[in-house]
Amino acid sequence: MGTRITQPGDSDYSRQVTLGINKSMIVELDNPAADVVITNPDIADAVVQTSKRIIFRGVNYGQTNAFIFDKDGNQLLNLEIGVEMDMASLQQLIARHVPKARVKIEGLNGNVVITGTVDSQAESDAVQRLVSAYIRADDSTQIVNMINVAAKDQVLLEVRIVEMQRNAIKQLGINLSGTPTFGDLSNLVEQQLYTGSPLVNADTTTLAPGLPFDVTGDIGSNAGFPIQGRSLGGLDGSVAYTNYVGGNLQSSVGVTLNALERIGIVKTLAEPNIVAMSGESAKFLAGGEFPVPVGQDQNGRITIEFKPYGVGLGFTPVVLSEGRISLKVSTEVSELTSQGAFQGESRTAVDANGNVINVEGVTLPALSVRRAESVIELPSGGSMMMAGLIQSKSRQNLDQIPGLKKLPVLGALFQSRDFIQEETELVVIVTPYLVDPTQKNQLRTPADGYANASDAKTVFFGKLNEQYGRDGAPVKAADYRAPVGFIEE
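Residues numbered from 1 in each chain as written. Predicted model: local features only at pLDDT ≥ 70, side-chain atom pairs only at ≥ 80, totals over all residues. Heavy atoms only, no water.

Remarks on the pattern of salt bridges
Heads up, the condition is: Salt bridges are counted wherever a side-chain nitrogen of Lys or Arg sits within 4 Å of a carboxyl oxygen of Asp or Glu. Helix and strand assignments come from DSSP, with helices taken as H or I runs of at least 4 residues and strands as E runs of at least 2, each series counted from the N terminus.
Under the counting rule described, the total for this entry stands at 13 salt bridges. A salt bridge links R166 to E423; the shortest N-O distance between them is 3.9 Å. Here the residue R166 occupies a position in strand β11 (residues 154–179), and E423 occupies one in strand β27 (residues 415–434), the gap between them amounting to 257 residues. R371 serves as the salt-bridge partner of E332, at 2.7 Å between the closest nitrogen and oxygen. With E332 in strand β22 (residues 324–343) and R371 in strand β25 (residues 363–378), this residue pair connects regions lying 39 residues apart in the sequence.

Quick word on the pairing of strand β6 (residues 62–69)
The condition that has to hold: DSSP calls a pair of strands paired once it identifies at least 2 bridges connecting them.
With 4 bridges connecting them, strand β3 (residues 35–38) and β6 associate as antiparallel partners. By the bridge assignment for β6, D35 is matched with F69. Where β6 and strand β7 (residues 75–84) come together, 8 bridges link them in antiparallel fashion. Each bridged residue has a counterpart across the sheet, and for F69 the counterpart in β7 is Q75.

Observations regarding the nonpolar core
General note: in soluble globular proteins, nonpolar side chains tend to be found buried as a group. Rules: Working definition of a nonpolar core: buried Ala, Val, Leu, Ile, Met, Phe, Trp, Tyr and Cys residues. They are joined through side-chain atoms within 4.5 Å. Any residue under 20% of the maximum accessible area for its type is buried, any over 50% is exposed, and the rest in between are partly exposed; the area is computed with a 1.4 Å probe on protein chains only. Should any heavy atoms of two residues lie within 4.5 Å, those residues are counted as being in contact.
Ranked by internal contacts, the top residues of the largest apolar core, which has 24 residues, are L157, F315, L327, V329 and V430. If we skip the residues at most four places from it in the chain, V430 touches L157, E158, V159, V329, I376, L378, G382, S383, M384 and M386. Residues A101, V103, I105 and V127 belong to the second largest nonpolar core, which totals 18 residues.

Thoughts on a nonpolar patch on the surface
The condition that has to hold: Residues enter a patch when their relative accessible area is above 30% and they make no salt bridge; the linking distance is 9 Å between like charges and 5 Å between nonpolar side chains (Val, Leu, Ile, Met, Phe, Trp, Tyr). For the accessible areas, the method is Shrake-Rupley and the probe is 1.4 Å, while residue cover comes only from the protein chains on display.
A surface patch of nonpolar side chains, about 260 Å² in accessible area, is lined by L172, L235 and L257. Topologically, L172 is positioned in strand β11.

What to know about the sheet that holds strand β4 (residues 44–50)
Picture the strands of a sheet paired through backbone hydrogen bonds; they go either parallel or antiparallel. The condition is simple: Every axis corresponds to a line fitted to the C-alpha atoms, with the helix fit spanning only the stretch in contact, and the corresponding angles, defined between N-to-C directions, vary from 0 to 180 degrees.
Read across the open sheet, the 3 strands follow the order β2-β5-β4; overall the sheet is antiparallel. The open sheet has two edge strands, β2 (24–28) and β4, and neither has a second partner. When the angles between neighbouring strand axes are averaged without regard to direction, this sheet yields 25°. With 6 bridges joining them, β4 and strand β5 (residues 53–58) adopt antiparallel strand pairing. The residue bridging V47 from the neighbouring strand is I55, located in β5.

Points about the packing of helix α1 (residues 88–97) against helix α2 (residues 121–135)
What counts, and what does not: In this scheme the handedness of a crossing depends on how the near helix is turned from the far one: anticlockwise by less than a right angle means left-handed, clockwise means right-handed. Amino acid classes used here: Ala, Val, Leu, Ile, Met, Phe, Trp, Tyr, Cys and Pro are nonpolar; Asp, Glu, Lys and Arg are charged; the rest, including Gly, are polar.
It is at 10 Å that the axes of α1 and α2 come closest, and there the two elements cross at 145°. Crossing hand, α1 versus α2: right-handed. Where α1 abuts α2, its residues S89, L90, L93, I94 and H97 lie against V127, L130, V131 and Y134. Of the residues belonging to the contact of α1 with α2, the class tally is 7 nonpolar, 2 polar and no charged.

Some remarks on the sheet that holds strand β1 (residues 14–20)
Strand order in this open sheet of 4 strands is β1-β7-β6-β3, and the pairing throughout is mixed. Only two strands of the sheet have a single neighbouring strand rather than two, namely β1 and β3. Sheet twist, expressed as the average angle between the axes of neighbouring strands with direction ignored, equals 20°.

Description of the packing of aromatic side chains
Going by this rule: A pair of Phe, Tyr and Trp rings is counted when the ring centres sit within 6.5 Å of each other, with Trp represented by its six-membered ring. The angle between the planes then sorts it: under 30 degrees is stacked, over 60 is edge-to-face, the rest tilted. Placement of a charge over a ring requires the Lys NZ or Arg CZ to be within 6 Å of the ring centre, with the centre-to-atom vector within 35 degrees of the ring normal.
Per the stated rule, a full pass over the model turns up 2 aromatic pairs. Between F67 and F69, the aromatic rings sit 6.5 Å apart at their centres with planes inclined by 20°, giving stacked as the arrangement. On the basis of relative accessible area, F69 is assigned to the partly exposed category, the value being 23%. Over the face of the ring belonging to F419 we find R417, whose NZ or CZ atom lies 5.1 Å from the ring centre.

Here we look at the environment of V47
Within the element layout of this structure, V47 appears in strand β4. Between the C-alpha atoms of V47 and V36, which are 11 residues apart in sequence, the distance is 9.5 Å. Sequence-distant contacts of V47, that is, excluding residues within four places in its chain, are made with R53, I54 and I55.

Description of the confidence of the model for the protein
Parts of the model with low pLDDT should not have their predicted coordinates read in detail. Inclusion rule: Think of pLDDT as the predictor's per-residue confidence, scored from 0 to 100.
Per-residue pLDDT for the protein averages 78, and the proportion of residues at 70 or more is 80%. Highest mean pLDDT in the protein belongs to β5 (90); lowest belongs to strand β13 (residues 188–193) (56).

Considering the side chain of N258
Tracing the backbone through its elements, the reader meets N258 in strand β18 (residues 248–270). The exposure class of N258 is buried, given its relative accessible area of 15%. Excluding residues that lie within four positions of it along the chain, N258 makes contacts with Q171, L172, G173, F225, S231, L235 and D236.

Observations concerning α1
The test is simple: It is the directions from the helix axis to the C-beta atoms whose arc is reported.
Those residues of α1 that sit buried are L90, L93 and I94. In a view along the axis of α1, the buried residues occupy a sector of 95°, so they form one face of it. The outward face of α1, more than 90 degrees from its buried face, is lined by the exposed residues Q92 and R96. As for α1, its buried residues are in contact with β8 (102–108) and α2.

As structure tokens, this is what we get:
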């Protein structure tokens, strides 16, 4: 007789069963059994109650098999046993709490595999939370989530950043100047009278009035504009009075007037757009980078790093459903400014060889930043004002001359006023959209419809460009007006 080898599960009597851990299964036989063999009793064991009834119990996670023979040695049953966690109760729990989820829960060597389809990311998260709570997963237990989310998972985020700034500046300064003179006084000087030749002798000596003398001084006020640092212009005027006595300057008085009222409005608008997959992060920056010194060696060589500025946007979308998108958004608008800038001083250093090195100071600009970070939830196409800021600042300074400032009415001539008021209103509006890819010919760029004007049109009509694609129509080779280039059809 030949030899016959039966592989696991490769016989007419083979059956594959999944046995829950710490749970039992009853096997009823048609013929009485005489022998029961279990390959790995640590995975499953068997209790023979009668010759036709055997109870198998799951002991530990894993795979094993069992063979049952009759008294003649014929094979009655071959069981391929997989001991896993019983998922029947968990499947019912998911069907009760997430009824629209079309998922299946399976065990794999003590781990859990979730497969199927759900309509939204929120349902997928709910299923995973229920599984985690049911099995009380530890470090050795893994949950493999293979759920397919039917909802769209590409999100376009549109952000509108609008800022209005209003500045009001008022300057009124009056400075006085004068040269008062106290004098036109006479003194007595000794004079000699001559009757003959003054070279021979003097006849007589007498006292007579000499040339007049006086005492002269200068006075003036210099009230400036410390808030602005200087006069910004406006109306400048001066009035002066001068007194002469006998052709000699006796005194003078002058008044200088500076008056300014300035109102300015600044509008800032930025609309960054960016697309990202659900659960993935995306960043966008339109601006530049400026160098910042971070170190300096003994020879004066400076090490720099570049810091970004401009319009920046970063966000992470999570599509919960067709009507719910969770967004973690960070957006900012920054620009270089001289206010708050750092001015380094020049210095002299001596190296190890005794050489004198001049180290020049550096000037670092400051950044004016408007930044907002938040986590919000919106439907596709819905908008929300994510951030808003209304800020008002006013500063006023009076430079006065002590004592004279208290004079009624005339006290205003001895003071200068410097006033500034700044008002800012900033809003950040975000709008997410669920999007699908489209065809290239349905997309438009700012360069569509642009072509350089011909030399004749530029010289005689002052045109810099001309349109060759209008109303979204595709560009045709016959309409191309550039002197060089080609058309791709």
